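Listed below are the residues making up each chain.
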Amino acid sequence: MRNAEWISLGMLWGCLTFWFPDSLWHAIRGAAFDGYDVWGLTVLLPCLSALALVGVSRFTSPETPRRSVAFGMIAGILLFGSAFIVYGMEFQSAPSPHAATSASINLILALLGPVSLTMLAAYDGTLGAVVITTIALFAMKDRPLRHRA
């Protein structure tokens, strides 16, 4: 596979391993989401992302460009985060009489991607997790791991 394909797969892998558990957590907790949940996500999401990168490295060939996968995961987290957060907001809010306006604003925020990610991640409670995960994946990009024989 070429580097571009590994980056694309990394984007999908990073997006799903980071934002899907976040959306699931919000769906389960709903309106009861509080500060303890923020701490839980701040610990869980970076750990899941690091394990996902290690998993890709452990179960692929030694020629797999780990740097491309790591950068792809970071890009997936940053580019698709706004869309997942907006999707996760639907689990927390009650139906509004202004649902069409709210849906339009949510769509605009989701399409802005990284521009609105810091604001939305602060609201969502995942800003710390995004920062820690980005730093961790960047630090792990060149670290060699033993491959299975």
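Residues numbered from 1 in each chain as written. Predicted model: local features only at pLDDT ≥ 70, side-chain atom pairs only at ≥ 80, totals over all residues. Heavy atoms only, no water.

**Digging into a nonpolar patch on the surface**
Here is step 1: On the surface, L12, L16, F20, L24 and I28 cluster together to form a nonpolar patch covering roughly 500 Å² of accessible area.
Here is step 2: By the element assignment, F20 lies in helix α1 (residues 3–29).
Here is step 3: The class for F20 is partly exposed, based on a relative accessible area of 47%. (Patch = residues over 30% accessible without salt bridge, like charges linked within 9 Å, V, L, I, M, F, W, Y side chains within 5 Å. Areas by Shrake-Rupley, 256 points an atom, 1.4 Å probe, with all protein chains shown as cover. Salt bridge = Lys/Arg side-chain N within 4 Å of Asp/Glu carboxyl O. Helix = DSSP H or I, 4+ residues; strand = E, 2+ residues; numbered from the N terminus. Buried < 20%, exposed > 50% of the residue type's maximum accessible area, 1.4 Å probe, protein only.)

**Digging into the packing of aromatic side chains**
Here is step 1: In the structure shown here, the tally under the stated rule is two aromatic pairs.
Here is step 2: Stacked on the ring of F138, the Lys or Arg K141 has its end atom at 4.2 Å from the ring centre. (Phe/Tyr/Trp six-rings, centres within 6.5 Å; stacked < 30°, edge-to-face > 60°. Lys NZ or Arg CZ within 6 Å of the ring centre and 35° of its normal.)

**What about the environment of D37?**
Here is step 1: You can see D37 is positioned in helix α2 (residues 35–58).
Here is step 2: We classify D37 as buried; its relative accessible area is 5%.
Here is step 3: Of note is the side chain of D37, whose polar atom sits 3.0 Å from the side chain of R29.
Here is step 4: For D37, the side chain forms a polar contact with the main-chain nitrogen of D34, separated by 2.8 Å. (Polar contact = N/O pair within 3.5 Å; in protein donor to acceptor, adjacent residues only side chain to side chain.)

**Overview of the pattern of salt bridges**
Here is step 1: Tallying each qualifying case throughout the model produces two salt bridges.
Here is step 2: A salt bridge links R29 to D34, with the nearest nitrogen and oxygen atoms 3.9 Å apart.
Here is step 3: In this structure R29 comes out as partly exposed when scored by relative accessible area, which is 32%.
Here is step 4: Classification of D34 as partly exposed rests on a relative accessible area of 33%.
Here is step 5: Across the salt bridge formed by R29 and D37, the nearest N and O atoms sit 3.0 Å from each other.

**Concerning helix α5 (residues 114–124)**
Here is step 1: Of all the residues in α5, the buried ones are S116, L117, L120, A121 and D124. One side of α5 carries all its buried residues, which in axial view fall inside an arc of 135 degrees.
Here is step 2: Following α5 by one or two positions, G125 has its phi on the positive side, about 90 degrees. (Arc of directions from axis to C-beta.)

**Here's the deal with the packing of α1 against α2**
Here is step 1: Where α1 contacts α2, the two axes come as close as 9 Å, and the packing angle between them is 150 degrees. By the angle between their axes, α1 is roughly antiparallel relative to α2. Pair α1 / α2 crosses with right-handed handedness. Along its contact with α1, which presents W13, T17, F18, P21, D22, W25, H26 and R29, the element α2 presents D37, G40, L41, L44, L45, L48, S49, A52, L53 and V56.
Here is step 2: Here the contact of α1 with α2 is built from residues that sort into eleven nonpolar, four polar and three charged. (Axes fitted to C-alpha atoms, helices over the stretch in contact; angles between N-to-C directions. Parallel < 35°, antiparallel > 145°, perpendicular 65-115°, else oblique. Left-handed = near helix turned anticlockwise from the far one by under 90°. Contact = heavy atoms within 4.5 Å. Nonpolar A, V, L, I, M, F, W, Y, C, P; charged D, E, K, R; others polar.)

Such coordinate-based values are descriptive only and should not be taken to indicate function.
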